[in-house]
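Observations on chain architecture
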Amino acid sequence: MIRTVLTKPYTDQKPGTSGLRKKVPVFQQEHYAENFIQSIFDALEGFEGKTLVIGGDGRFYNREVIQKAIAMAAANGFGKVMVGQGGILSTPAASNIIRKYKTFGGIILSASHNPGGPHEDFGIKYNAGNGGPAPEKITDAIFEKTKTISSFKITDIGQIDIDTIGTVQAGGMTVEIIDPVKDYAELMESLFDFDAIRANFKYGFRMRFDAMHAVTGPYAKEILERRLGAPNGTCRNFKPLPDFGGHHPDPNLVHAKHLYDEMMGPDAPDFGAASDGDGDRNLIIGKGIFVTPSDSVAMLAANAHLAPGYKEGLKGIARSMPTSGAADRVAEKLGIGIYETPTGWKFFGNLLDAGMATICGEESAGTGSNHVREKDGLWAVLLWLNILAVRGESCKDIVTKHWETYGRNYYSRHDYEEVETDRANKLVDELRAKLGALPGTSVRGMTIASADDFAYHDPVDGSVSKNQGIRILFEGGSRVVFRLSGTGTSGATLRVYIERYEPDKARHDLDTQEALADLIAAADDIAGIKSHTGRNKPSVIT
Ligand code: G6P
Ligand code: ZN
């Protein structure tokens, strides 16, 4: 039943920040998905007879690729696949399944927060046996295989019924269709004080969770409404749709503006949250206050001991370089390690595996801990709910008290999307070329203390990752960071991260863009953003 099918390499299958992401029509080219899946298997060793987890965020083309992956896993010698019912597994749930059942690894089909549909995005990524995204060593090996692939193996097993929970034999392999929610919900119950959260809901605490028609709908319904007793209707847009209802399943202030508006309005519930396409990102908005992801990781770390799963305290905190330094102040006060990594959750894997960090966070709306090896949207929401229930204070009070204790890191990210790749590269090249000359010079009355291109030296395996973002540090601790996104699918996206630390309590309620205005202007003076991109303002401000 095993067929070897001849194929030709595609030249564009280099995995990015988070796996291979392309438009659906690209994936629909002959053997495009098969080539990549075979290259994953070709780059791995020792999986004969072992188990592979397969699931995705339910976007358009998910079901088709799941069938291919099952048939190819059988042909390549896996002993078993565990597949989320309906092809559904959120990214953190997949990570949990890989770890809990000690499987060899997993294939996750997702393009995260990018839109879905026949002309939108699709993605495939491989997670290793620790449950985390494959490290660069493996993704580089996969890319090498894609360049020389000449055939792939597939078994003719017909369409597997992925909608019925249970176990069948197919092509000499066991196929188990699993409940995508159950194991994950149990994990959350083991970490958080469900009794306290349940009591809070019972006494009238109101929240809104927006699943954005993406994968977290079934998870949020089960955990928030069924297990925690939040009123029916707490979860909105909870039915996963292949095109996410035509929206971007990106929980930010642009794509979840309706939630923001509701939370700022007169009838706002106590707490609002949303998650992205594959369930690993989070948006947190208290009544009358938006919590930036950089602040959120700092506040979660400062209060984590209030949740049973973290009552022993944290071993360390890790954040990506462009994420604000708010978490650093918490780590300092707790007397624990703080680690600064490049953008991309995969860089936290070694620190988590080595027990050096417990909580990790990124400015790109990712927060998580050592409970899995992915960031985890609902985990962040539940930790917030746990903290709110135990402290019995409003989100706004918790945030403002945090700033009073630690100072406030004003922070914003400006994105210039779909810039012509050549123009974006030119901006970065020119900036890089003048880095050496910047220290000591002054821009808009602010003196540049240092300027460099961030390189990460992994303290666990000694590997070095260079060119991870250009940092301009000013005297006094303010900074501007420039980097090109590694997750876009058309053109280049320039990200400019702007941060200023404000210790003075009397100056903690300024408008963020106003508080950062000088730095925003300085960023343009230094990098020539407007002239290089031809844009006079960012496409997205978060
Ligand atoms: C994905 C990764 C994150 C990363 C984010 C931003 O979501 O999982 O770890 O922070 O992409 O990537 P980008 O390269 O677009 O800034
Ligand atoms: Zn995601």
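The residue numbering used here restarts from 1 in each chain and proceeds along that chain's sequence as written. Starting at A for chains and at 1 for ligands, labels are handed out in the order in which the entities are written. With pLDDT at 70 or above as the cut-off, local features in this predicted model cover only qualifying residues; side-chain atom pairs require 80 or more to be listed or tallied, and sums for whole chains, interfaces and linings still use all residues. As a convention, hydrogens and water are excluded, and side-chain values are obtained from all of the structure's heavy atoms.

Further remarks concern the overall build of the protein chain. Numbering of helices and strands runs from the N terminus; a helix is a DSSP stretch of H or I covering at least four residues, while a strand is a stretch of E covering at least two. Check the secondary structure of the protein chain and you find 18 helices and 27 strands. Here the C-alpha atoms of the protein chain give a radius of gyration of 23 Å, agreeing with the 24 Å that 2.2 N^0.38 yields for 542 residues. Expressed along its principal axes, the backbone C-alpha trace of the protein chain runs to roughly 70 × 60 × 40 Å. Exposure is judged per residue with a 1.4 Å probe applied to protein chains only, and the accessible area is read against the type maximum: over 50% gives exposed, under 20% gives buried, and values in between give partly exposed. Looking at the 542 residues of the protein chain, the share that counts as buried comes to 59%. When checking whether two residues touch, look at their non-hydrogen atoms; a contact exists if any pair is within 4.5 Å. In the protein chain, of all internal contacts separated by at least 6 residues, the share reaching a separation of at least 24 is 72%. Approximately 20600 Å² of the protein chain is accessible, and the part contributed by carbon and sulfur atoms is 49%. For the purpose of charge, His is not counted, nor are the chain termini; Lys and Arg are scored as positive and Asp and Glu as negative. Lysine's charge is taken at NZ, arginine's at CZ, aspartate's at CG and glutamate's at CD. Considering the protein chain, the positive charge centre built from 61 side chains and the negative charge centre built from 69 side chains are found 1 Å apart. The globule rule used here is 2.2 Å times the number of residues to the 0.38 power, and the radius of gyration it is set against is calculated over C-alpha atoms. Where accessible areas are quoted, they stem from the Shrake-Rupley method and a 1.4 Å probe; at the residue level, only the protein chains shown are allowed to cover.

Attention shifts here to the packing of aromatic side chains. Ring pairs shown here join Phe, Tyr and Trp side chains whose ring centres sit within 6.5 Å, with only the six-membered ring taken for Trp; geometry is labelled stacked below 30 degrees between planes, edge-to-face above 60, and tilted in between. This structure, assessed with the given rule, holds 16 aromatic pairs. When the ring of tyrosine 184 is compared with that of tyrosine 219, the centres are 5.5 Å apart and the planes differ by 90°; the resulting orientation is edge-to-face. With a gap of 35 residues between them, tyrosine 184 in helix α6 (residues 182-191) and tyrosine 219 in helix α8 (residues 216-227) connect regions that are remote in the sequence. Take tyrosine 184 and tyrosine 219: they sit in the same class, and that class is buried. Geometrically, the ring pair formed by phenylalanine 271 and tryptophan 384 is tilted, given 6.3 Å between the ring centres and 40° between the ring planes.

This part covers the domain arrangement of the protein chain. Throughout, the edges of the domains are those of an automatic or database domain assignment. Here the protein chain is partitioned into domain 1 (2-180), domain 2 (183-406) and domain 3 (408-541). Distance between the C-alpha centres of domain 2 and domain 3: 26 Å. If you look at the interface, domain 2 gives 24 residues, while domain 3 gives 23 residues. Between domain 2 and domain 3, a total of about 2100 Å² is buried, with carbon and sulfur atoms accounting for 58% of that surface. Only one rule defines a salt bridge in this text: a Lys or Arg side-chain nitrogen within 4 Å of an Asp or Glu carboxyl oxygen. Here domain 2 is connected to domain 3 by three salt bridges. A salt bridge links arginine 479 to glutamate 340, with the nearest nitrogen and oxygen atoms 3.9 Å apart. Within 3.5 Å is the distance limit for a polar contact, defined as a pair of N or O atoms, with the added protein rule that one can donate a hydrogen and the other accept it, and that residues adjacent in sequence qualify only through two side-chain atoms. Inspection of the domain 2/domain 3 interface yields 10 residue pairs in polar contact (both at pLDDT 80 or more). The set of elements that each furnish at least two residues to the side of domain 2 that touches domain 3 consists of α11 (326-334), β16 (337-341), α12 (349-353) and α14 (395-406). For the side of domain 2 that touches domain 3, a count of residues per class yields 11 nonpolar, eight polar and five charged. As a working definition, buried area equals the accessible area (1.4 Å probe) given up by two parts on being put together, with both sides summed. Here the nonpolar group is Ala, Val, Leu, Ile, Met, Phe, Trp, Tyr, Cys and Pro; Asp, Glu, Lys and Arg are the charged ones; every other residue, Gly included, is treated as polar.

So, about the side chain of threonine 292. Take threonine 292: it is sitting in the loop between β14 (289-291) and α10 (293-303). In this structure threonine 292 comes out as buried when scored by relative accessible area, which is 15%. From its side chain, threonine 292 meets the backbone nitrogen of aspartate 295 in a polar contact 3.0 Å long.

In this analysis a donor is any N, O or S atom within 2.8 Å of a metal ion (3.2 Å for sodium, potassium and calcium), and since water is not included, sites may seem incomplete. Surrounding the zinc ion (ligand 2) are the protein donor atoms Ser112 (OG), Asp276 (OD), Asp278 (OD) and Asp280 (OD), which sit 2.0 to 2.1 Å from the metal. Between the four donor atoms coordinating the zinc ion (ligand 2), the angles at the centre fall across 86 to 160°, so the site counts as irregular. Linear spacing of the donor residues for the zinc ion (ligand 2) on their chain is S-x163-D-x1-D-x1-D. Of this pair, serine 112 sits in the loop between β5 (105-109) and β6 (121-127) while aspartate 278 is found in the loop between β12 (271-275) and β13 (282-286), placing the two residues 166 residues apart along the sequence. Geometry is assigned from donor-metal-donor angles: four donors are tetrahedral when every angle falls between 85 and 135 degrees, four are square planar and six octahedral when opposite donors sit over 155 degrees apart with all other angles between 65 and 115, and any other arrangement is irregular.

This brings us to the sheet that holds strand β20 (residues 442-443). Read across the sheet, seven strands follow the order β20-β21-β24-β25-β26-β19-β27 without closing on themselves; strand pairing throughout is antiparallel. Looking at which strands have only one partner, the edges of the open sheet turn out to be β20 and β27 (540-541). Looking at chain direction, strand β19 (residues 408-419) and strand β26 (residues 492-502) are connected through 10 bridges and run antiparallel. Residue tyrosine 416 lies in a different strand from β26, and its bridge partner there is leucine 494. Fitting a line to C-alpha atoms yields each axis, with helices limited to the stretch in contact; the angle taken between N-to-C directions then spans 0 to 180 degrees. Together, β19, β20, β21 (446-453), β24 (470-474), β25 (479-484) and β26 form the strand contacts of helix α17 (residues 517-527), whose direction differs from that of β26 by roughly 135°. In this scheme, strands are said to pair when DSSP sees at least two bridges between them.

Of all hydrophobic cores here, the largest spans 71 residues; its most connected members are Phe192, Phe271, Trp379 and Trp384. Sort the elements by how many residues they give to this core and helix α13 (residues 377-391) lands first, with 11 residues. Built from parts of two domains, this core gets at least three residues from each of domain 1 (2-180) and domain 2 (183-406). Sequence-distant contacts of tryptophan 379, defined by excluding residues within four places in its chain, comprise Tyr184, Met188, Leu191, Phe192, Leu300, Tyr310, Ile359, Thr367, Gly368, Ser369 and His371. Membership of the second largest hydrophobic core comes to 46 residues, among which are Val24, Ala71, Ala128 and Val175. Grouping buried Ala, Val, Leu, Ile, Met, Phe, Trp, Tyr and Cys residues that are joined through side-chain atoms within 4.5 Å yields what is termed a nonpolar core.

What follows is about the packing of α10 against α14. It is the contact of α10 with α14, at a shortest axis distance of 11 Å, that shows an interaxial angle of 85°. The pairing of α10 with α14 is recorded here as roughly perpendicular in orientation. Facing α10, whose interface residues are Asp295, Ala298, Met299, Ala302 and Asn303, α14 presents Ile398, Val399, His402, Trp403 and Tyr406. Partitioned by chemical class, the residues of the contact of α10 with α14 number seven nonpolar, two polar and one charged. Here the angle decides the label: under 35 degrees means roughly parallel, over 145 means roughly antiparallel, 65 to 115 means roughly perpendicular, and every other value means oblique.

Take the pairing of strand β8 (residues 166-170) next. In terms of strand pairing, β8 meets strand β9 (residues 173-178) through five bridges, oriented antiparallel. Counterpart to alanine 170 in the pairing with β9 is methionine 173. Between β8 and β9, which pair antiparallel in sequence order, lie two residues; one of them, glycine 171, sits at a positive phi of approximately 55°.

On to the pairing of strand β18 (residues 366-369), then. Working note: regular strand, side chains alternate between the two faces of the sheet. Neither face of β18 is left uncovered, since the one carrying Gly366 and Gly368 and the one carrying Thr367 and Ser369 both have all their residues buried. Relative to β18, strand β17 (residues 359-362) runs antiparallel, the two sharing four bridges. In the sheet register, isoleucine 359 faces β18, and the bridge partner there is serine 369.

As for its position among the elements, arginine 373 is in the loop between β18 and α13. Judged by its relative accessible area of 7%, arginine 373 is buried. Within the structure, the side chain of arginine 373 is placed 2.7 Å from the side chain of aspartate 353, a separation counted as a polar contact. Of the polar contacts made by the side chain of arginine 373, one reaches the backbone oxygen of asparagine 370; its length is 2.9 Å. For arginine 373, the contacting residues outside a window of four places in its chain are Ser95, Arg99, Asn130, Gly131, Gly132, Pro133, Trp345, Gly349, Leu352 and Asp353.

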